[in-house]
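Below, each chain spelled out in residue letters.
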Amino acid sequence: TKKVQTPETDILIESKGKVESFFDKFGSKLMWGLVAVTVVAVGIFIWHNVSESKSLAHEQEAQVKFFEVLNNSGVTNTTADSFSVDYAATADAYLAVAKQYEDTAAGNTSYFMAASAYLFANDIANAKAAIAKFQNIEGDFGKHINAMALTLKGDIAVEENDYQTAAANFEKALAASKNADIYGQNVAKLGLVYEAMGDEAKAQALYSDAVVKYPELAVKFGKYIK
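A. Representation of the overall build of the chain. Within the chain, the regular secondary structure consists of 11 helices and 0 strands. Along the chain direction, N to C, the helices and strands of the chain fall in the order α-α-α-α-α-α-α-α-α-α-α. Sequence separation of 24 or more characterises 64% of the internal contacts of the chain that already satisfy a separation of 6 or more. When the accessible area of the chain is evaluated, it comes to approximately 10500 Å², of which 52% is carbon and sulfur surface.

Given below as structure tokens:
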């Protein structure tokens with residue numbers, strides 16, 4: 001198993017002293033929160049989606065394989081404070097499902113899950129390759145997963161020290177979904193990137209706007225607004 005090291009860690013090194021207390025309090029939980037939301041969202045989507053696959057039986061077979069990986073990954077048996085998963089093995093398993101069933105909703109979503117796991121395993125090259133294969137999902141519910149795919153692209157860009165690209169993807173993710181949890185994850189990540197780039201004014205404006213749009217986020221961001 002491998003303890004998670006989030007992309008925010010690299011940002012913190014670049015901006016130490018500016019956002020240290022924020023990251024120490026929320027960093028790991030924010031990354032875990034995204035995965036938790038993802039697991040729930042993907043599960044609901046897969047079971048309720050009817051795709052234009054070769055056959056319903058083929059789609060159902062893909063769903064079974066998807067959930068076999070999900071159930072064996074250990075992700076659902078963890079807490080916000082402590083979790084340990086063999087992310088490399090989980091990523092490889094999702095990628096195998098994706099390649100075999102890429103013409104199905106479950107296969108397409110498996111590319112997203114594989115990219116997530118590769119990122120947690122610090123395998124940036126494979127994470128980037130997997131998320132590039134993911135196709136945007138249509139419909140209102142698909143917007144949430146599409147937003148999280150943009151978040152992953154932002155995380156990958158952070159690992160590559162490409163903060164401009166990271167910021168662009170986090171900004172797109174904010175616009176892609178109105179889900180408060182997903183929005184909050186992206187506010188935290190984007191704020192850290194802005195701080196790392198030396199643009200404290202942008203970070204402050206971001207936090208203030210987030211609290212106005214979603215008052216429940218005041219608990220996370222209110223105290224950091226100057």
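B. Fine view of the nonpolar core. Ranked by internal contacts, the top residues of the largest apolar core, which has 33 residues, are Phe 66, Tyr 94, Phe 112, Tyr 118, Ile 131 and Phe 134. Within the residue set of this core, elements represented by two or more residues are α3 (56-73), α4 (87-100), α5 (105-120), α6 (124-133) and α7 (142-159). When residues of this core are assigned to their parent elements, the largest contribution, 9 residues, is made by α5. Discounting chain neighbours no more than four positions away, the residues touching Tyr 94 are Phe 66, Val 69, Leu 70, Ser 110, Met 113 and Ala 114. Counting residues in hydrophobic clusters, the runner-up holds 24 residues, among them Leu 174, Leu 190, Leu 206 and Tyr 207.

C. Molecular detail of the packing of aromatic side chains. Scanning the entire structure with this criterion turns up 6 aromatic pairs. Ring centres of Phe 112 and Phe 134 lie 6.0 Å apart, and the angle between their planes is 50°; on these two criteria the pair is classed as tilted. Here Phe 112, found in helix α5, pairs with Phe 134, found in the loop between α6 and α7; they are 22 residues apart in sequence, far enough to count as distant. For the pair Tyr 207 and Phe 221, a centre-to-centre distance of 5.6 Å together with 5° between the ring planes defines the contact as stacked. Taken as a pair, Tyr 207 in helix α10 (residues 200-213) and Phe 221 in helix α11 (residues 218-221) lie far apart in primary sequence, 14 residues in all. For the pair Tyr 207 and Phe 221, one class covers both residues: buried.

D. Layout of α3. In this model, α3 (18 residues) spans 26 Å end to end at C-alpha, consistent with the 26 Å of a helix rising 1.5 Å per residue. Where α3 is concerned, the buried positions are His 58, Glu 59, Ala 62, Gln 63, Phe 66, Phe 67, Val 69, Leu 70 and Ser 73. Looking straight down α3, one finds that the buried residues subtend no more than 165° of arc, so they occupy a single side. For α3, exposure combined with an orientation more than 90 degrees from the buried face picks out Asn 71 and Asn 72.

E. Up close: the packing of α3 against α4. Following both chains from N to C, one finds α3 and α4 inclined at 175°, their axes separated by 10 Å at the closest point. The orientation of α3 with respect to α4, classified from their angle, is roughly antiparallel. Between α3 and α4, the contacting residues are His 58, Glu 61, Ala 62, Lys 65, Phe 66, Val 69, Leu 70 and Ser 73 on the first element and Thr 90, Ala 93, Tyr 94, Val 97 and Gln 100 on the second. Of the residues belonging to the contact of α3 with α4, the class tally is 7 nonpolar, 4 polar and 2 charged.

Thresholds applied
- Residues numbered from 1 in each chain as written.
- Predicted model: local features only at pLDDT ≥ 70, side-chain atom pairs only at ≥ 80, totals over all residues.
- Heavy atoms only, no water.
- Helix = DSSP H or I, 4+ residues; strand = E, 2+ residues; numbered from the N terminus.
- Contact = heavy atoms within 4.5 Å.
- Areas by Shrake-Rupley, 256 points an atom, 1.4 Å probe, with all protein chains shown as cover.
- Core = buried A, V, L, I, M, F, W, Y, C linked by side-chain atoms within 4.5 Å.
- Buried < 20%, exposed > 50% of the residue type's maximum accessible area, 1.4 Å probe, protein only.
- Phe/Tyr/Trp six-rings, centres within 6.5 Å; stacked < 30°, edge-to-face > 60°.
- Expected span 1.5 Å × (residues − 1).
- Arc of directions from axis to C-beta.
- Axes fitted to C-alpha atoms, helices over the stretch in contact; angles between N-to-C directions.
- Parallel < 35°, antiparallel > 145°, perpendicular 65-115°, else oblique.
- Nonpolar A, V, L, I, M, F, W, Y, C, P; charged D, E, K, R; others polar.

Any functional reading would require information that these geometric values do not contain.
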